[in-house]
Amino acid sequence: MSQPDQTLRDEAARLRAELDDANYRYYVLDEPTLTDAQYDGKLRRLQEIEAAHPVLVIPDSPTQRVGARPAEGFPEVEHALPMLSLDNAFNEAELAAFTQRVAERLERDADSLEFCCEPKFDGAAISLVYEDGVLVSGATRGDGRTGEGITTNLRTLRSIPLKLRGDNVPTLLEVRGEVIMSHSGFEKLNDRAREEDAKVFANPRNAAAGSLRQLDPRVTATRPLEFIAYQVARLEPDQDLATHSELMARLEHLGFRISPWLEQVTGGQGIIDYCRRLGERRDRLDYDIDGAVLKIDELRLQRELGFVARAPRWAMAFKFPAQEQTTRLRDVEFQVGRTGAITPVARLEPVAVAGVTVANATLHNADEIRRLGVMIGDCVAIRRAGDVIPQVVRVIEGARPEDAREIVFPERCPVCDSQIERLEGEAVARCSGGLYCPAQRKEALKHFASRKAMDIDGLGEKLIDQLVERDWVKTPADLYRLRVEDLAELPRMAQKSAANLAFALDHSRRTTLARFIYALGIREVGEATANNLARHFGNLSALMEASVESLEAISDIGPVVARHIHTFFRQAHNQNTLEDLQQVGITWDEVEMQPRVQPLAGQTWVLTGTLESMTRDEGKARLQALGAKVSGSVSKKTACLVAGEAAGSKLTKAQELEVPVIDEAGFLEKLQEWESANEEAET
DNA sequence: CCGCCTCGAGGTCA
DNA sequence: CTCGAGGCGG
């Protein structure tokens, strides 16, 4: 193949610059400079050159926005810094409380604090990483810690720069923001879908999120997606920027689109005014927003405030009041859960609320029905609470039809006809049928098979329904006694599916004690408690024989949970099932379950000063893993004070109270010693 | 709770 | 082509 001459190289470079610039002006500044035809012409010319001379193709070329090959799946991507959620404020009082809290913590006047305010777009949160100015990775939020790598899909968004603009680009930049679809883009997309008789999307948010999960980036490329940057997670070098607003301005220069209506305001009233103004223009916007985000503008103050659990203390999300719709209550059904809990579910005339069709809503319990004073046939107000769960808010006065019927809370289980019991002081009523009740049995089996329990692949709800209805399966142990020939008789189950299920069952036999305990579905014993129990007892028989007192002695297990566990193992039918399960070959490694060494159990430690080798939080976590409590202040009960560099009053106080003090070197030495003892125990 | 995507498999029809 | 399961995200 011939080498491209210099003129051609220059032309390719020029075309790339022009196309990048046109993208930026169109998608970021909203000031188109080229017509579509001009843009396409230049793009095609660049494609020709690159096709003829593949050496000229570079990853950040505008022609590379559409990755050719569909992916096989999305890789896991760990976020260098977790993507946190924000605390929510639902009214102005809660906003005021936020300002107050922040002001007090900073020991500042609330009226003088500067905030940076922006709309909260309703889309899908993502994170982008640029190294030496080039986009190298893009991922979804996921659980905040790890997300899905969707880089090739994100490359197709023309508002995401493939390389940063300008000179002086940072060596490392991680940008967070929202991928959204405008109302107009959404309408156009659905019009197109209707013409082609394809599926139409329910709302812009789902269309955006769905588009990102396409395996074929060429499909994503046809979707009108936009990216709006709202946060800098990492920036190196940090360029001496003092405020969040300055960071946003910097992002804009680097080629990102930032939130329109980004404003700096002062004081609590400034925030409230901003939220009001945004609320007023909300309906006229071409984008779905569900509130505003308020951030302390000064980065120094953000650092001072730090984080609490899963959210920064320096930011708050203001949520607009949830949209309400009215519809008719057709009927109420009573569902039976895994523990027998009876839940009344409202069957509603389907109604569109905030972009989705709602046909069901939980009424929680009898008290809630009484509180609402609702009857079947009533017109009711529905809203989607806390983002998602549909809720019956109230009955619409004066709209009750003649034939409205009272909602009668049943006295007998609608599934198995056992007595329904409601304990003194409890809101929930329960079917007393236990595992005699097919509904409870189904739920228990579903739980047993679920991913975090025995992880039986392919054993879903419908299949369990059939197995229970035919009485083929009464206890989890029966699952392992099913015969492939019988399974193959079931509808939608032929040889292949039956064999797959048999394989999955077989595969699930080897598990861990923690999973097994969790799978049993003991009330109030979730994943975390099951883990605790497994670690503490190391084997099943010790757990089965444990007294209530010895259970209560375990951290995080209180009297109620201890009693549930104890009762579970005293019941004859549970004992039989456990025996059966072991008989059908459920096994786990005993060795793995050695109890952890907790040399610091019962001790309270305090950290002060700056540690060189780790953050304060990390030190705290490591101490806690060894059983210590970590507190913020020194008292005579303090077991030991770790004094880092520039320790202050805590050190003085410890000396006064004659509390033992160690320095960082001593601390590290001790940590190593204790932690290595644990590693030995665990392997 | 709801919507979306993907996959494997079953069923139907030519 | 349709269904069930599984996974993700808000």
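Residues numbered from 1 in each chain as written. Chains lettered and ligands numbered in written order. Predicted model: local features only at pLDDT ≥ 70, side-chain atom pairs only at ≥ 80, totals over all residues. Heavy atoms only, no water.

### Observations regarding the UniProt feature "active site" (unreviewed entry) in chain A
- The residues that UniProt annotates with the feature "active site" (unreviewed entry) are Lys 120.
- Residue class for Lys 120 comes out partly exposed when judged on its relative accessible area of 24%.
- With residues up to four places along the chain from it excluded, the contact list for Lys 120 reads Asp 288, Ile 289, Asp 290, Gly 291, Ala 292, Val 293, Ala 317 and Lys 319. (UniProt positions renumbered as here; feature names shortened; annotations may be inferred. Buried < 20%, exposed > 50% of the residue type's maximum accessible area, 1.4 Å probe, protein only. Contact = heavy atoms within 4.5 Å.)

### Considering the pattern of salt bridges
- Within this structure, the stated rule accounts for 40 salt bridges.
- The residue Lys 442 makes a salt bridge to Glu 469 at a minimum N-O spacing of 2.8 Å. Highlighted residues: Lys 442 in helix α12 (residues 438-449) and Glu 469 in helix α13 (residues 461-469), separated in sequence by 27 residues.
- Residue Lys 442 is classed as buried on the basis of its relative accessible area, which comes to 17%.
- Since its relative accessible area comes to 58%, Glu 469 is described here as exposed.
- Between Glu 527 and Lys 452 there is a salt bridge whose closest N-O contact spans 3.5 Å. Residue Glu 527 is found in helix α18 (residues 527-537), and its partner Lys 452 is found in the loop between α12 and α13; the two are separated by 75 residues along the sequence. (Salt bridge = Lys/Arg side-chain N within 4 Å of Asp/Glu carboxyl O. Helix = DSSP H or I, 4+ residues; strand = E, 2+ residues; numbered from the N terminus.)

### Thoughts on the sheet that holds strand β5 (residues 134-140)
- Judged by pairing direction, the sheet is antiparallel, and its 4 strands sit side by side in the order β5-β4-β7-β8 without closing on themselves. For this open sheet the edge positions go to β5 and β8 (225-236), each flanked by a neighbour on one side alone. The average undirected angle you get between the axes of adjacent strands in this sheet is 25°.
- Here 10 bridges tie strand β7 (residues 172-181) to β8, and the two strands are oriented antiparallel to one another. In the strand pairing of β8, Leu 173 is matched with Leu 235.
- On the sheet, helix α8 (residues 244-254) packs against β7 and β8 and is oriented at approximately 120° with respect to β8. (Pairing = 2+ DSSP bridges. Axes fitted to C-alpha atoms, helices over the stretch in contact; angles between N-to-C directions.)

### Some remarks on the environment of Arg 347
- You can see Arg 347 is positioned in strand β15 (residues 342-353).
- The spatial distance from the C-alpha of Arg 347 to the C-alpha of Ile 376 is 9.5 Å, given a sequence separation of 29 residues.
- Not counting chain neighbours up to four residues away, the residues in contact with Arg 347 comprise Arg 328, Leu 329, Arg 330, Asp 331, Glu 333, Gln 335, Ala 359 and Asn 360.

### Overview of the protein's contact with DNA strand C
- Close to DNA strand C lie 21 residues, the nearest being Thr 140, Arg 205, Val 388, Arg 451 and Gly 458.
- Counting only the atoms of DNA strand C that lie within 4 Å of the protein, the sugar and phosphate share comes to 81%.
- The separation between a phosphate oxygen of DNA strand C and a polar main-chain atom of Ala 125 is 3.0 Å.
- In the model, a phosphate oxygen of DNA strand C is placed 3.2 Å from a nitrogen or oxygen of the Leu 463 main chain.
- Of all elements in the fold, only β4 (124-131) and α13 reach the threshold of two or more residues within the surface near DNA strand C.
- For the surface near DNA strand C, the class distribution of residues is 6 nonpolar, 5 polar and 10 charged. (Near = heavy atom within 4 Å. Polar contact = N/O pair within 3.5 Å; in protein donor to acceptor, adjacent residues only side chain to side chain. Nonpolar A, V, L, I, M, F, W, Y, C, P; charged D, E, K, R; others polar.)

### Some details on empty space enclosed by the protein
- Evaluated as defined, the whole model comprises 1 cavity of 30 Å³ or more.
- Quantified by volume, the largest cavity comes out at close to 120 Å³.
- Lining the largest cavity we find 14 residues, and of these Asp 20, Tyr 24, Arg 65, Pro 161 and Lys 163 sit closest to its centre.
- Considering only residue class, the lining of the largest cavity consists of 5 nonpolar, 3 polar and 6 charged.
- There are two domains that each give the lining of the largest cavity at least three residues, and those are domain 1 (6-64) and domain 2 (88-319). (1 Å grid on protein atoms, 1.4 Å probe; cavity = no way out; pocket = protein on both sides within 12 Å on 5 of 7 lines; lining within 4 Å. Points joined across faces, edges and corners; volume = space filled by probe spheres on them. Domains from an automatic or database assignment.)

### Details of the environment of Tyr 230
- With respect to the element layout, Tyr 230 can be found in strand β8.
- Judged by its relative accessible area of 22%, Tyr 230 is partly exposed.
- Those residues within four positions of Tyr 230 in sequence are excluded, and the remaining contacts are Glu 118, Ala 125, Arg 176, Gly 177, Glu 178, His 244, Met 248 and Lys 295.

### Thoughts on helix α2 (residues 36-52)
- Between the first and last C-alpha of α2 there are 24 Å, a value that for 17 residues agrees with the 24 Å anticipated at 1.5 Å per step.
- Every buried residue of α2 is listed here: Tyr 39, Leu 43, Leu 46, Ile 49 and Glu 50. Relative to the axis of α2, the buried residues are bounded by an arc of 120° and lie together on one face. When the buried face of α2 is taken as reference, the exposed residues oriented beyond 90 degrees from it are Ala 37, Arg 44 and Ala 51.
- Where α2 is buried, its residues contact α1 (6-28). (Expected span 1.5 Å × (residues − 1). Arc of directions from axis to C-beta.)

### What about the sheet that holds strand β9 (residues 263-266)?
- An order of β2-β13-β10-β3-β9 is seen for the 5 strands of this open sheet, with the pairing classed as mixed. The outermost strands of the open sheet, each flanked by one partner alone, are β2 (88-89) and β9.
- One ladder, built from 5 bridges, connects strand β10 (residues 289-296) with strand β13 (residues 315-319); its direction is antiparallel. Residue Gly 291 lies in a different strand from β13, and its bridge partner there is Lys 319.
- Across the sheet, helix α9 (residues 267-281) lies against β3 (114-121), β9, β10 and β13, angled at about 140° from β9, the strand it touches most.

### Concerning the protein's contact with DNA strand B
- Within the structure, DNA strand B sits among 19 residues, and Ala 202, Leu 215, Lys 496, Ser 497 and Asn 500 are positioned closest to it.
- In DNA strand B, atoms within 4 Å of the protein come from the sugar-phosphate backbone in 94% of cases.
- Note that a phosphate oxygen of DNA strand B is positioned 3.4 Å from one of the backbone N or O atoms of Asn 360.
- Where the surface near DNA strand B is concerned, the elements lending two or more residues are α6 (204-212), β16 (356-362) and α16 (495-508).
- Residue composition of the surface near DNA strand B, grouped by class: 8 nonpolar, 7 polar and 4 charged.

### Some details on the pairing of strand β17 (residues 379-385)
- β17 sits mainly inside the fold: 5 of its 7 residues count as buried.
- Sheet analysis places strand β14 (residues 324-336) next to β17, joined by 5 bridges and oriented antiparallel. Along β17, the bridge assignment pairs Thr 326 with Ala 381.
- With 6 bridges joining them, β17 and strand β18 (residues 389-395) adopt antiparallel strand pairing. Bridge pairing in β18 places Arg 384 opposite Pro 390.

### With respect to α16
- The first and last C-alpha atoms of α16 sit 20 Å apart over 14 residues, in line with the 20 Å expected at 1.5 Å per residue.
- By the burial criterion, the buried members of α16 are Ala 498, Leu 501, Ala 504, Leu 505 and Ser 508. Taken around the axis of α16, the buried residues stretch over an arc of 125°, which confines them to a single face. Turned more than 90 degrees away from the buried face of α16 sit Gln 495, Lys 496, Phe 503 and His 507, all of them exposed.
- Elements that come into contact with the buried residues of α16 comprise α13, α14 (476-479), α15 (484-487) and β21 (510-511).

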